[in-house]
Each structure stands twice: as structure tokens, then as C-alpha cells.
Amino acid sequence: MKKKIALWVVLLLPYAGLFGVWRWYEHRITKIEHSSFVVVSKEDMTLTIYNYTGKIIGQYPVACGKSMGNKTIQGDMKTPEGIFPICDIQNASEWKHDFGDGRGSVQGAYGPFFIRLFTPGHQGIGIHGTVDDESIGTRATEGCIRLRNKDLKELVKKVKIGDVVIITPSKQDVRLY
């Protein structure tokens, strides 16, 4: 009896191992299928989101930093260039900001969400909404990437913490170097 049980264990063990490997692989593939990456072009003033195969799953017009070039110091009004992971997605609907235009603090200045980027050496850089749709397509921000609120709501459904955002310079940004 013990020999029969041992024989069955020896015969079934490889199949159990294969099943375990298959389940692990299936879990990894599922994670990949839900991955995406974002490319922000300061040249075209667009944000494009791609799925894991490189297929475009969304494209939106943006506003970026008022000043040309790559961000070097806090307050330089430049959008950083490079590769940055999303480190948080926050509800920003109650946030206020004073744009320094004499109107004071504006409720909902960042729109419904703030997609925070991990930008070493710089704090408070992210992708957010706006109270000024007319600014989209221009150099209007203090360094963040700005979208229309309706576009931001779509984008938040397509990205997650850990996804990568690539910000590329414009020709004018490169000429400054």
C-alpha cells in the first residue's frame, strides 16, 4: 500500500509542479496586460498612453511648464524631462492654489485628480486637471503636466501606480542646452 501511494506521489508531483508554474506565469501575464506607459511630448503638447504591446489607448492635449528647458530647481517654471514612475494618484478635487494673478486661492485648481510622479530632486510634479481649459496646448504651468478635467478622468482609469511616464523635450527646450 505504501509503495502504491509513493508511486502515485512520484507520478503526480511533476504535474503539480507544472500546474504551479502555469498559475505563476498566468498571474505574471495578467499583470503585464494591465500595464501601460505614458509619453508626454513637450514638442507636440500631447500626452499619449500606450498599453503593454505599444498600442495607443489614449491621446490628450496638455499644457506644460511656462519656461523652456529641463527642470533644474524648484520654482523655475520648467517641466522635468526623463523617465518617471507614477508614485501616487490622489483626489485633488478640494485642493486650492494661488496662481499669483491677483485672484487669490482657487478651489479645485488641480481638477479631480493629481497623478504624482517620482521626480528625484523635485517635489510636487505631476499630471493634473485645470480650471482653465484655454491654457491647454500652451506653456502655462509651474512645471506640471496639465490636462482638461474630462481627459484626466479618462487617464486615471488607464494608469496605475508604478506605470512609467516619459517626458520628452521640444526642439526649443533642446536648443537651450
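Residues numbered from 1 in each chain as written. Predicted model: local features only at pLDDT ≥ 70, side-chain atom pairs only at ≥ 80, totals over all residues. Heavy atoms only, no water.

The next point concerns the packing of aromatic side chains. Aromatic ring pairs are described here by two measures, namely the spacing of the ring centres and the angle between the planes. This structure, assessed with the given rule, holds four aromatic pairs. Residues F37 and Y50 carry aromatic rings whose centres are separated by 5.0 Å and whose planes lie at 10 degrees to one another, so their mutual orientation is stacked. Within this pair, whereas F37 is found in strand β1 (residues 36-41), its partner Y50 is found in strand β2 (residues 46-51), the two being separated by 13 residues in sequence. Residue F37 is classed as partly exposed on the basis of its relative accessible area, which comes to 29%. Relative to Y110, the ring of W95 has its centre 5.7 Å away and its plane inclined at 80 degrees; by these criteria the two rings are edge-to-face. (Phe/Tyr/Trp six-rings, centres within 6.5 Å; stacked < 30°, edge-to-face > 60°. Helix = DSSP H or I, 4+ residues; strand = E, 2+ residues; numbered from the N terminus. Buried < 20%, exposed > 50% of the residue type's maximum accessible area, 1.4 Å probe, protein only.)

Turning to the sheet that holds β2, a few remarks are in order. Hydrogen bonds between backbone groups are what pair the strands of a sheet, and the pairing can be parallel or antiparallel. Overall, mixed pairing links the eight strands, which are arranged β3-β2-β1-β12-β5-β8-β9-β11 in an open sheet. Only two strands of the sheet have a single neighbouring strand rather than two, namely β3 (56-61) and β11 (145-146). Summarising the sheet, strand β5 (residues 82-91) and strand β8 (residues 113-117) pair through five bridges and their orientation is antiparallel. In the strand pairing of β8, D88 is matched with R116. (Pairing = 2+ DSSP bridges.)

The nonpolar side chains of a soluble globular protein tend to be buried with one another. With 22 residues, the main nonpolar core has L47, I115, I127, I145, L147, L155 and V165 as its most contacted residues. Of all the secondary-structure elements, those providing two or more residues to this core are β1, β2, β5, β8, α2 (149-158) and β12 (164-168). When neighbours within four sequence positions are excluded, L155 is seen to be in contact with L47, I49, Y60, I115, I127 and L147. In terms of nonpolar packing, the next biggest core, distinct from the first, is built from six residues, V106, A109, Y110 and F114 among them. (Core = buried A, V, L, I, M, F, W, Y, C linked by side-chain atoms within 4.5 Å. Contact = heavy atoms within 4.5 Å.)

Attention shifts here to the pairing of β12. Regular strands place their side chains on alternate faces of the sheet. Burial along β12 is one-sided: the residues V165 and I167 are buried and none of V164, I166 and T168 is. Pairing of β5 with β12 involves four bridges; the strand directions are antiparallel. Each residue of the ladder has a partner; that of G82, found in β12, is I167.

The subject of this paragraph is the side chain of H128. Here H128 shows up in strand β9 (residues 126-128). By relative accessible area, H128 is classed as buried at 5%. Setting aside residues up to four positions removed in sequence, H128 forms contacts with Y110, F113, F114, C144, I145, R146, L147 and L152.

Right, let's get into the pattern of salt bridges. One pass over the structure, following the stated rule, counts six salt bridges. Linking K42 and D173 is a salt bridge whose minimum nitrogen-to-oxygen distance equals 3.6 Å. Within this pair, whereas K42 is found in the loop between β1 and β2, its partner D173 is found in helix α3 (residues 171-175), the two being separated by 131 residues in sequence. Both residues of the pair, K42 and D173, belong to the buried class. Linking K160 and D163 is a salt bridge whose minimum nitrogen-to-oxygen distance equals 2.9 Å. With relative accessibility at 32%, the residue K160 sits in the partly exposed group. For D163, a relative accessible area of 4% corresponds to the buried category. When salt bridges that share partners are traced, they join K42, E81, R139 and D173 into one network. (Salt bridge = Lys/Arg side-chain N within 4 Å of Asp/Glu carboxyl O.)

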